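Chain by chain, the residues:
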Number of protein chains: 2
Amino acid sequence: MRPSIVLFGDSITEESFGEGGWGAHLANHYSRSGDVVLRGYSGYNTRWASLVADRAFSAIPASAAVAAVTVFFGANDASLPDRASAFQHVPLPEYRDNLRAICALLRARWPSAALILVTPPPVDERGRVRFPRNGDASGLPERTNEAAGRYARACVEVARQRGLRAIDLWSRMQEFPGWETAFLRDGLHLTPTGNRLLFEEVVFALRDANLSLEALPADLPLCSDIDPDNAVRCFEEE
Amino acid sequence: MRPSIVLFGDSITEESFGEGGWGAHLANHYSRSGDVVLRGYSGYNTRWASLVADRAFSAIPASAAVAAVTVFFGANDASLPDRASAFQHVPLPEYRDNLRAICALLRARWPSAALILVTPPPVDERGRVRFPRNGDASGLPERTNEAAGRYARACVEVARQRGLRAIDLWSRMQEFPGWETAFLRDGLHLTPTGNRLLFEEVVFALRDANLSLEALPADLPLCSDIDPDNAVRCFEEE
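Residues numbered from 1 in each chain as written. Chains lettered and ligands numbered in written order. Predicted model: local features only at pLDDT ≥ 70, side-chain atom pairs only at ≥ 80, totals over all residues. Heavy atoms only, no water.

Basically, it comes down to this: UniProt positions are given in the numbering used here, feature names are shortened, and annotations may be inferred rather than shown by experiment.
As annotated in an unreviewed UniProt entry, chain A carries the name SGNH hydrolase-type esterase domain-containing protein and comes from Aegilops tauschii subsp. strangulata. Comment text from UniProt for chain A, heading Sequence similarities (unreviewed entry), reads "Belongs to the 'GDSL' lipolytic enzyme family."

Below, the structure is given as structure tokens:
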């Protein structure tokens, strides 16, 4: 049975099927071996995500062959509590608890699915100030890279405690000089190059979970395997 | 319940989540209101598709809210019977019968789904000769635009007889001067511009089937509708 990979997250997940997006890359990569299911909710933090998770997954049958779920929240939780996006802020201890609750819910729903936690990306504060939220004339960024880093470390820690895979996007991106504009288009959301990096990290994590292209059977015979002299025989059921 | 839109077809469907692909555009368009499910099988004609349709859909529960299915075959059926892709050729009367059988199967599986037949695209024979199949040194194209047109007309006719929607991609593309290279990258498969045209035609057809963005409820509250002073209340279940 063709497995599904569910992408659960905020705007960076919701827009992942845009031009050059990491979700579209994944769907293309697994075009003949798995379904990529989008559950991205722009602006959401872990508090709201944990409240709605059951409803978000209600259209995916519990019997579906969900092989992996990416859980990618924190960019909104890490909004500063005294700046323009304060209403999205979630305190760090609650962020940890909410992540654990979301993972417990996923574990109960699909016991054999690989859960992959993704940390928030780094924040380029200059980029955030260049793209201010409507009505915010303070000139101060509503997120800082330092705050995002604390949430990223907490995310990695929760994954370690629960024996789950994690993609430390915050650290990984900052390994590259020029990450601020190479990977981020507005100081927070991903450029096509940033999307490509995340796609590759997710493919590595899925390979680690035995969900590489090589490990998954192709859905129906590949054209290159069809005998031109007796094509129909290739489609006979075993 | 969040509806699904299933894309069933050949390589032009299988590669529809590549860069600028029509499937990825659709998934992005419906990111908060529907799931786009990829069932593309490169090289397949309607004979093979009708043999495997049940298996292709086996991972999609019969109880799933499948609201629409695009059925997009014919480019391979229309391969000439005496050229390099002869093993993919299906005679025109059988193409009609196979299309009808596929639609009957879909109708039985998801009685309320809108079925949208898509004709094969036009063929740019010069483009095909520039990208010959491996081992084909004849210098003759394995497909012609005239043959593709006969299959396109048959597809439109089947849709009309069955009361289904059709996208006449063969005719639509040829309305534009320069369609040969603007829409086709190798005389057959779509460029990003060709993908964009097909995406728009599918959106029109879905709108006609009452599946526009405006007609579908958003999956969970939009961030712009959340009361900053009492966000959690927005997530209370009705």
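### What to know about the overall build of chain A
Our working rule: For the purposes of this entry, the term helix denotes a DSSP run of H or I that reaches at least four residues, the term strand denotes a run of E that reaches at least two, and both are numbered from the N terminus. Two things to know: the radius of gyration comes from C-alpha atoms, and the globule rule equals 2.2 Å times the number of residues to the power 0.38. Note on contacts: a residue pair is in contact if any heavy atoms of the two residues lie within 4.5 Å. Areas reported as accessible are Shrake-Rupley estimates using a 1.4 Å probe. Residue values count occlusion only from the protein chains shown. In summary, the charge assignment counts Lys and Arg as positive and Asp and Glu as negative, without counting His or the chain termini. Charged groups are reduced to one reference atom each: NZ for lysine, CZ for arginine, CG for aspartic acid, CD for glutamic acid.
Scanning chain A for helices and strands turns up nine helices and five strands. The order of α-helices and β-strands along chain A, N terminus first, is β-α-α-β-α-β-α-β-α-α-β-α-α-α. Compactness check: chain A gives a C-alpha radius of gyration of 19 Å against a globular reference of 18 Å for 238 residues, within 12% of the reference. Judged by the C-alpha coordinates and their principal axes, chain A covers about 70 × 35 × 30 Å. Partitioning the contacts of chain A with sequence separation of at least 6, the portion at a separation of at least 24 is 76%. As displayed, chain A offers around 9600 Å² of accessible surface, 50% of which is attributable to carbon and sulfur atoms. Of the side chains in chain A, 25 bear a positive and 31 a negative charge, and the two mean positions are spaced by 6 Å.

### Quick word on the side chain of Thr70(A)
The residue Thr70(A) is located in strand β3 (residues 66-72) in this model. Here Thr70(A) is in contact with Val6(A), Leu7(A), Phe8(A), Trp22(A), Ile116(A), Val118(A) and Val202(A), once residues within four sequence places are set aside.

### A few points about the pattern of salt bridges
Rules: Salt bridges are identified by distance alone: a Lys or Arg side-chain nitrogen within 4 Å of an Asp or Glu carboxyl oxygen. Throughout, exposure labels follow a simple rule: accessible area from a 1.4 Å probe, protein chains only, divided by the maximum for the residue type, with under 20% read as buried, over 50% as exposed, and the rest as partly exposed.
A full pass over the atoms with the stated rule returns 36 salt bridges over all chains. Here Arg2(B) and Asp219(B) are joined by a salt bridge, their closest N and O atoms 2.8 Å apart. Of this pair, Arg2(B) sits in the segment before β1 (4-9) while Asp219(B) is found in the segment after α9 (192-208), placing the two residues 217 residues apart along the sequence. Note on accessibility: Arg2(B) and Asp219(B) belong to one class, buried. Between Arg196(B) and Glu200(B) there is a salt bridge, and its shortest N-O distance comes to 3.5 Å. Placement of both Arg196(B) and Glu200(B) in helix α9 is noted, with a separation of four residues, approximately one turn of the helix. Residue Arg196(B) is classed as partly exposed on the basis of its relative accessible area of 37%. Each of Arg2(A), Asp35(A), Asp219(A) and Arg39(B) takes part in one network of salt bridges that share partners.

### A short note on the pairing of strand β4 (residues 114-118) of chain B
All names here are of chain B. Using the following cut-off: Note on pairing: two strands pair once DSSP finds at least 2 bridges between them. Orient the strands so they point away from the viewer, and a crossover whose first-strand-to-second-strand path over the helix runs clockwise is right-handed.
Taking burial as the measure, the five residues of β4 include five buried ones, the bulk of the element. Here β4 shows no split at all, with Ala114, Ile116 and Val118 on one side and Leu115 and Leu117 on the other all buried. As defined by bridge partners, strand β3 (residues 66-72) adjoins β4 across four bridges and the pair is classed as parallel. Residue pairing across strands places Thr70 opposite Ile116, the latter belonging to β4. In this fold, β3 hands off to helix α4 (residues 92-109), which returns the chain to β4; that crossover is right-handed. In terms of strand pairing, β4 meets strand β5 (residues 165-167) through three bridges, oriented parallel. Along β5, the bridge assignment pairs Ile116 with Arg165.

### Focus on the sheet that holds β3(A)
Residue and element names in this part refer to chain A. Note the cut-off: Only the stretch in contact is used when fitting a helix axis, every axis being a line fitted to C-alpha atoms; angles between N-to-C directions are given from 0 to 180 degrees.
The strand order across the open sheet formed by five strands is β2-β1-β3-β4-β5, and the pairing between neighbours is parallel. At either end of the open sheet lies a strand with only one pairing partner, and these are β2 (35-40) and β5 (165-167). For this sheet, the mean angle separating the axes of adjacent strands, direction not counted, is 20 degrees. In the sheet, strand β1 (residues 4-9) pairs with β3 via six bridges, with the strands oriented parallel. From the neighbouring strand, Phe8 faces β3, where its bridge partner is Val71.

### Observations regarding the sheet that holds β4(B)
Residue and element names in this part refer to chain B. Taking strand neighbours across the sheet as the criterion, the five strands line up as β2-β1-β3-β4-β5 in an open arrangement whose pairing is parallel. Each edge of the open sheet is held by one strand with a lone partner, namely β2 (35-40) and β5. Neighbour to neighbour, the strand axes of the sheet diverge by 20 degrees on average, direction disregarded. Judged from the six bridges that link them, β1 and β2 form a sheet pairing that is parallel. Within β2, the position partnered with Phe8 by the bridge is Arg39. Seen against the sheet, α4 touches β1, β3 and β4 and runs at an angle of roughly 160 degrees to β4.

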